[in-house]
Amino acid sequence: MFKLFIPFMIFGFLACAHQSRRPINTSKVVFVGGQYADKHWDQKLVFTKYSWFKGATLENELLLSKLNKESAFSAWLGPDNKQLDDCSELLIVVAYAKVSAAQGKSNLYAQIEKAGFKRIDLLEFSRHLEAHQNYTDWKLTQHKIVGFCRNNLSRQPIEMIIPGFPKKALTF
């Protein structure tokens, strides 16, 4: 009986190992507190993080967070603060793509744009986020920070299709 059980254990282990070779991990990244000029706050800016791995190597990563006027972090927009008035939805995206990845950050951005978003530069916000201690703590120095604005209320989901991985609907 035990001899029959061993092949099933090996098969089960190999099946699990095969699935984990290209995982998509989802987690949260939290930035606590901030400062803009002489204004300080203790609020949290929470990002939903999606990471695509091949084996143990990170291939692509997206951190997504909506920003609104009620957030103290909106002060980091500085002169770009009018973006909050111009967009029904302002999405902060922190993106990474491995240099040798089959598709780079432009592919990630294009798929966000398919959901009705328009890419915008958030230079002032980027500078402040990069200066935050949690940015270094989370090892995001190879990531690029951009904004995406959506003016319609369709709430069309963002669906990521990355070659070699299953389709992933993103929530934020």
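Keep in mind it's a predicted model, so treat the numbers as computed, not measured.

### Looking at the overall build of the chain
Thought 1: Counting its regular elements, the chain contains five helices and eight strands.
Thought 2: For the chain, the α and β elements follow one another from N to C terminus as α-β-β-β-α-β-α-β-α-α-β-β-β.
Thought 3: Relative to its full complement of 172 residues, the chain shows a buried share of 42%.
Thought 4: Sequence separation of 24 or more characterises 68% of the internal contacts of the chain that already satisfy a separation of 6 or more.
Thought 5: When the accessible surface of the chain is totalled, it reaches about 10,100 Å², and 56% of it is carbon and sulfur.

### Thoughts on the nonpolar core
Thought 1: Judged by nonpolar contacts, the single largest core of 25 residues is most densely connected at Phe31, Phe47, Leu67, Phe125 and Leu129.
Thought 2: Elements represented by at least two residues in this core include exactly strand S1 (24-36), strand S2 (39-54), strand S3 (57-67), strand S4 (89-97), helix H4 (123-131) and strand S6 (144-150).
Thought 3: In this structure, phenylalanine 125 is in contact with Leu45, Leu67, Phe73, Trp76, Leu77 and Ile92, ignoring residues within four places of it in sequence.
Thought 4: Listed in part, the 20 residues of the second largest apolar core include Leu64, Ala95, Phe148 and Phe165.

### Topic: H4
Thought 1: Turning to H4, its buried residues number three or more, namely Glu124, Phe125, Ser126, His128 and Leu129.
Thought 2: Tucked into the core, H4 has its buried residues touching S1, S2, S3, S4, helix H5 (133-137) and S6.

### Thoughts on the sheet that holds S6
Thought 1: Strand order in the open sheet formed by six strands is S1-S2-S3-S4-S6-S5, and the pairing between neighbours is antiparallel. Two strands lie at the open edges of the sheet, namely S1 and strand S5 (118-120), each paired on one side alone. Across the sheet, the mean angle from the axis of one strand to that of its neighbour is 30°, orientation sign disregarded.
Thought 2: In this structure, S4 lies alongside S6, joined through seven bridges in antiparallel fashion. Residue pairing in the sheet places valine 94 in a bridge with isoleucine 145 of S6.
Thought 3: Helix H3 (residues 105-113) contacts S3, S4, S5 and S6 of the sheet and is inclined by roughly 155° relative to S4.
Thought 4: Across the sheet, H4 is in contact with S1, S2, S3, S4 and S6; its angle to S1 comes to roughly 95°.

### A word on unusual backbone geometry
Most peptide bonds adopt trans geometry, and most residues besides glycine take a negative phi value.
Thought 1: Residue alanine 37 is not a glycine yet carries a positive backbone phi of 55°.
Thought 2: Assignment of secondary structure puts alanine 37 in the loop between S1 and S2.
Thought 3: One non-glycine residue, lysine 139, lies in positive phi territory at about 55°.
Thought 4: Assignment of secondary structure puts lysine 139 in the loop between H5 and S6.
Thought 5: Residue classification places lysine 139 among the exposed residues on the basis of a relative accessible area of 68%.

### A few points about the pattern of salt bridges
Thought 1: Taken as a whole and judged by the stated rule, the model has eight salt bridges.
Thought 2: A salt bridge links glutamate 59 to lysine 98; the shortest N-O distance between them is 3.1 Å. Taken as a pair, glutamate 59 in strand S3 and lysine 98 in the loop between S4 and H3 lie far apart in primary sequence, 39 residues in all.
Thought 3: Given the relative accessible area of 25%, lysine 98 is considered partly exposed.
Thought 4: The closest approach of N and O atoms between arginine 127 and glutamate 124, which form a salt bridge, is 3.5 Å. With a gap of three residues between them, arginine 127 and glutamate 124 both fall in helix H4, about one helical turn apart.
Thought 5: Given the relative accessible area of 18%, glutamate 124 is considered buried.
Thought 6: When salt bridges with common partners are traced through the structure, they connect Lys66, Glu89 and Arg150 into a single cluster.

So, how was this worked out
- Residues numbered from 1 in each chain as written.
- Predicted model: local features only at pLDDT ≥ 70, side-chain atom pairs only at ≥ 80, totals over all residues.
- Heavy atoms only, no water.
- Helix = DSSP H or I, 4+ residues; strand = E, 2+ residues; numbered from the N terminus.
- Buried < 20%, exposed > 50% of the residue type's maximum accessible area, 1.4 Å probe, protein only.
- Contact = heavy atoms within 4.5 Å.
- Areas by Shrake-Rupley, 256 points an atom, 1.4 Å probe, with all protein chains shown as cover.
- Core = buried A, V, L, I, M, F, W, Y, C linked by side-chain atoms within 4.5 Å.
- Pairing = 2+ DSSP bridges.
- Axes fitted to C-alpha atoms, helices over the stretch in contact; angles between N-to-C directions.
- Salt bridge = Lys/Arg side-chain N within 4 Å of Asp/Glu carboxyl O.

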